[in-house]
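Okay, here's what each chain looks like letter by letter:
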Amino acid sequence: MNVLSRRAFLAQVFVGGVLGSVLLGACDSQATAAARPTAASATSPSLVRLASVSDVADNATSASVAPSATTTKAAQSRGTRQPNVLLITIDTLRADRIGAYGFGSAHTPTLDRLAAEGVRCDYAMCQLPQTNASHAALLTGLYPSTNGVKVHMVDHVRSDVQTMAEVFKGAGYQTAGIYSWVSLDPQFCGLDRGFDAYHGYVLNRSLLFSNSNLEKLSSIYRQIKSDVPVVSAADAALGSSEQIEKTIDGRADVTNAAVFDWLDKNAHPDSAPFFLWVHYFDPHYPYAPPEGYDHILGLKYSGKIDGSADTMHAISKNQLNPTPDDHARLLELYQGEIAYTDSQLGLLLKKLEDGGLLDDTILAVTGDHGESFGEHDDWIHGLKVFEPEIRVPLLLRYPPRVPSRVVVEAPVQSIDLMPTFLDLTGIKAPANLQGVSLMPVLGGTSDGKDRVAFTELADESFVSMLTYQEWKLIRNNANDELQLYHVSADAAEQKNLIDDQPKITRELRARLLDMMKFSGVSK
Ligand SMILES: [Zn+2]
C-alpha cells in the first residue's frame, strides 16, 4: 500500500485529467456554506494540557518566561483600545526542528520562549504544502479549493473572498504585509488585498526582473491553459520557479529592517491598532545560514555538499544521491537557518517590548509548510502530505486572554488562525469562514472532538486528514488507496494500519470524503 512514486503519480493524475479539471475548474467553485462535517464517535484523549517543564523550558536553550516591566506597564495602560495583531510566518519551518517541540539541539530560544508564554499547538497542519497556497489559506481562513489559490504563482485569491487584511482594515486597523519572497508579490497571488502597505524584501531582486521566464510566467500559463496539455503548464511554472530560486533569496535581517521602520512610523499608543503580517524566508533552501550559524550542530563534516538551490533540485530529481554524512550536513545547514531566523525573531520581540507593544499585541508564529529530507523518498516540499511537509509549529501569545504554558493536542489548521484573531479582537468574522477559533478549546467550552486538520495538494492527487484521536488518513484520490497512521505512536508514518483497524479506517474514510466536499476539493 505504498503511495505511488512521484513520477507514476503525476502520470496517473495527468492522464486522468484530474489536474486539468482542478486548474480549469478552480475559479468556478463557490465559497461553500456547507455544514461542517461532524466527528465520528470515540473516546477523547486530553485535548488541552498544561505544558510540563520538559515540554517547554528544558527544550529551550535560554527560555525567558517573565514578562518585562515595560510590557506589563503597557498592558495596564491598554484601556479599551483593541489589541494589535501580529502574524509571523516562517517559510519551510518543520515543527520537529524546534526546541519547544522536542528537538534538543534546536537553538530556538525565541520560539521556545513564545511556547512558554502562550499556547503551543502540537498538531498544527498547513492546508497545502506550498508557499502561496498555504499563505492564502492563512490569510483568508478558507481551504485552498475554496479561496482559489492552489497552483503556486499562478492562482489568485478569488475576488469574492474577504481576506483577513480586508476584515481588519474594515474594522479600523492599520494593515501591513512585509514579506521576503517574490512569489508573494501581488501579481502571483493577489494577497495584497486589504493591506495599506504591502512590500516584499528580497536579495538580488534586480536579477529577478532580468529573468524573462518569470516575467512571462503568467501569460505563458494562460496561453498553455487554453490548450489541453496541462503537464506542460505545470512544467513551465516549475521551471521558472526553479530559476528564481537560484538567483535570489530572502533574509530575516533585511525584512526586520523594513518591519522596524514600519513600526517606528505607524505603531504608536495613540494611533489605530495594527494588523501586521511578517514573513521570513530563511529556512527555505538555499540553506546558506550566515556565519556563526553555519555549524550550529557542531558536525565534523568533510564532504563537499552545499545547500544551494541547484543541489536541492538535483537531489529532489534523483540526479544526486546524498551520503548519510551529506544528509546530516544538509540538516545542519537547515537548522542554522532556523536558528538565525529565531535570533531575528528575538530582535523583533525586543523591538515590541522596548516600544511597550508586546503585551498589547496578539502574536502568532507559524510555518507555511515543512520540508522533506528524504523521508518517504521525497525532498523539499509540495508533493507529499506526510508530517515533514505539512506539520508546522503554531504558537499563540497574548497574556490578557491566552493562557501560558498550554499545549493544544487537538488538531489545528492554518485556517483556524483568522477566526481566532477575530474572536480575540471581537471583530465579526465573514460568513462561511471554514477555520474554527481556538478560543473555545482554550477556554474549556469545547472538548475539541470535532476538530480535524485537512490538507490537500495542488493537483488534488492526495489528501490527508488528522483527527483528534491522532489518527491520520491519507487518500490517493486517483484510486481511493488509503493509508492510516497513528501519528503520536508512529511519528515517521511507517506502519500503515488500515488492515489492523478496518472499523476506524471505514469511519475516517467517510469523514474524509465529507471534508473533501466541505473544503471544496470535491464538488
Ligand atoms: Zn513556503
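If you're wondering where the values come from, they're calculated on a predicted model, not measured in any experiment.

**Q** Go over the overall build of the protein with me, naming the residues and quoting the values.
**A** Broken down by element type, the protein carries 19 helices and 18 strands. Within the protein, the proportion of its 523 residues that are buried is 52%. In the protein, 71% of the contacts between residues at least 6 apart in sequence involve partners at least 24 apart.

**Q** Kindly report on the sheet that holds strand β14 (residues 412–413), identifying the contributing residues and their values.
**A** Spatially, three strands are ordered β11-β4-β14 in an open sheet, and the strand pairing comes out mixed. A single partner strand is all that each edge strand has here, and the edge strands are β11 (391–392) and β14. Sheet analysis places strand β4 (residues 124–125) next to β11, joined by two bridges and oriented antiparallel. Each residue of the ladder has a partner; that of A124, found in β11, is V392.

**Q** Provide a residue-level description of helix α4 (residues 109–117), including the pertinent values.
**A** Across the nine residues of α4, nine count as buried, placing the element largely inside the fold. Taken together, the buried positions of α4 are occupied by P109, T110, L111, D112, R113, L114, A115, A116 and E117. Residues of α4 that are buried make contact with β3 (119–121), α15 (324–354), β8 (361–367) and β12 (394–397).

**Q** With reference to specific residues and values, describe the nonpolar core.
**A** Counting residues in each nonpolar core, the largest one holds 134 residues, and the members touching the most others are A364, L395, V408, V412 and M465. It is α15 that contributes the most residues to this core, 10 residues altogether.

**Q** If you had to explain the confidence of the model for the protein to someone new, which residues and values would you point to?
**A** Averaged over all residues, the pLDDT of the protein is 82; the fraction at 70 or higher stands at 76%. Considering only residues more than four positions removed or in separate chains, one finds that residues 205–210, a stretch of pLDDT under 50, has eight contacts.

**Q** Give a description of helix α17 (residues 417–425) that names residues and reports values.
**A** Taken across its nine residues, α17 has eight buried, putting it largely inside the fold. Listed as buried for α17 are L417, M418, P419, T420, F421, L422, L424 and T425. Turning to α17, the residues buried within the fold contact β2 (84–90), α5 (131–138), α7 (164–170), β8 and α18 (439–443).

**Q** Could you give an account of unusual backbone geometry, naming the residues involved and the relevant values?
**A** With an omega dihedral of 5°, the bond running from Y285 to P286 counts as a cis peptide bond. Among the secondary structure elements, P286 is positioned in the loop between β7 (274–280) and α14 (309–316). For H376, which is not glycine, the phi torsion reads 50° and is therefore positive. Structurally, H376 is set in the loop between β9 (372–373) and β10 (379–380). When the 17 C-beta atoms within 10 Å are taken as the criterion, H376 is described as partly exposed.

**Q** Which residues make up the packing of α4 against α15, and what values go with them?
**A** Each packed pair of helices is defined by two parameters, the angle between the axes and the distance between the axes. In contact at an axis separation of 7 Å, α4 and α15 are set at 55° when each is read in the N-to-C sense. Taken as axis vectors, α4 and α15 run oblique relative to one another. Counted together, P109, T110 and L111 of α4 and D342, L345, G346 and L349 of α15 form the full contact between these two elements. Of the residues assigned to the contact of α4 with α15, the class counts are four nonpolar, two polar and one charged.

**Q** Talk me through the pairing of β2; I want residue IDs and the actual numbers.
**A** Buried residues dominate β2, accounting for seven of its seven residues. Residue alternation in β2 divides its side chains into two sets, N84, L86, I88 and I90 and V85, L87 and T89, and both sets are buried. Summarising the sheet, β2 and β8 pair through seven bridges and their orientation is parallel. Paired with N84 across the bridge in β8 is T361.

**Q** Can you lay out the pairing of strand β5 (residues 174–179) for me, pointing to particular residues and giving the numbers?
**A** Of all six residues in β5, five are buried, a share of seventy percent or more. Pairing analysis gives five bridges linking β5 to β7, with the strands arranged parallel. Bridging from a neighbouring strand, I178 pairs with V278 of β7. Across four bridges, the pairing between β5 and strand β6 (residues 197–200) is parallel. Across the sheet, I178 pairs through a bridge with H199, a residue of β6.

**Q** Tell me what's going on with the environment of P419, and back it up with residues and numbers.
**A** Along the polypeptide, P419 turns up in helix α17. Taking the number of C-beta atoms within 10 Å as the measure of exposure, P419 has 20 and is therefore buried. The residues touching P419, leaving out its near neighbours within four places in the chain, are G141, A429, L433, G435, V436 and S437.

The rules behind each value
- Within each chain, residue numbers correspond to sequence positions counted from 1 in written order.
- Whole-chain, interface and lining totals are the exception, using all residues; otherwise, since this is a predicted model, local features are given only for residues with pLDDT of at least 70 and side-chain atom pairs are given and counted only at 80 or more.
- What counts as a helix is a DSSP run of H or I of at least four residues, what counts as a strand is a run of E of at least two, and both are numbered from the N terminus.
- With C-beta atoms placed from the backbone, a residue is buried if 20 or more other C-beta atoms are within 10 Å of its own, exposed if 12 or fewer are, and partly exposed between those counts.
- We call two residues in contact when the distance between their C-beta atoms, placed using the backbone, is within 7 Å.
- When DSSP finds two or more bridges between two strands, those strands count as paired.
- Remark: nonpolar core denotes a set of buried Ala, Val, Leu, Ile, Met, Phe, Trp, Tyr and Cys residues whose joining runs through C-beta atoms within 7 Å.
- pLDDT expresses how confident the predictor is about each individual residue, on a scale running from 0 to 100.
- In this analysis an axis means a line fitted to C-alpha atoms, helices contributing only their contacting stretch, and an angle means the value between N-to-C directions, from 0 to 180 degrees.
- The labels follow the angle: roughly parallel below 35 degrees, roughly antiparallel above 145, roughly perpendicular from 65 to 115, and oblique for the rest.
- Put simply, Ala, Val, Leu, Ile, Met, Phe, Trp, Tyr, Cys and Pro go in the nonpolar bin, Asp, Glu, Lys and Arg in the charged bin, and everything else, Gly too, in the polar bin.

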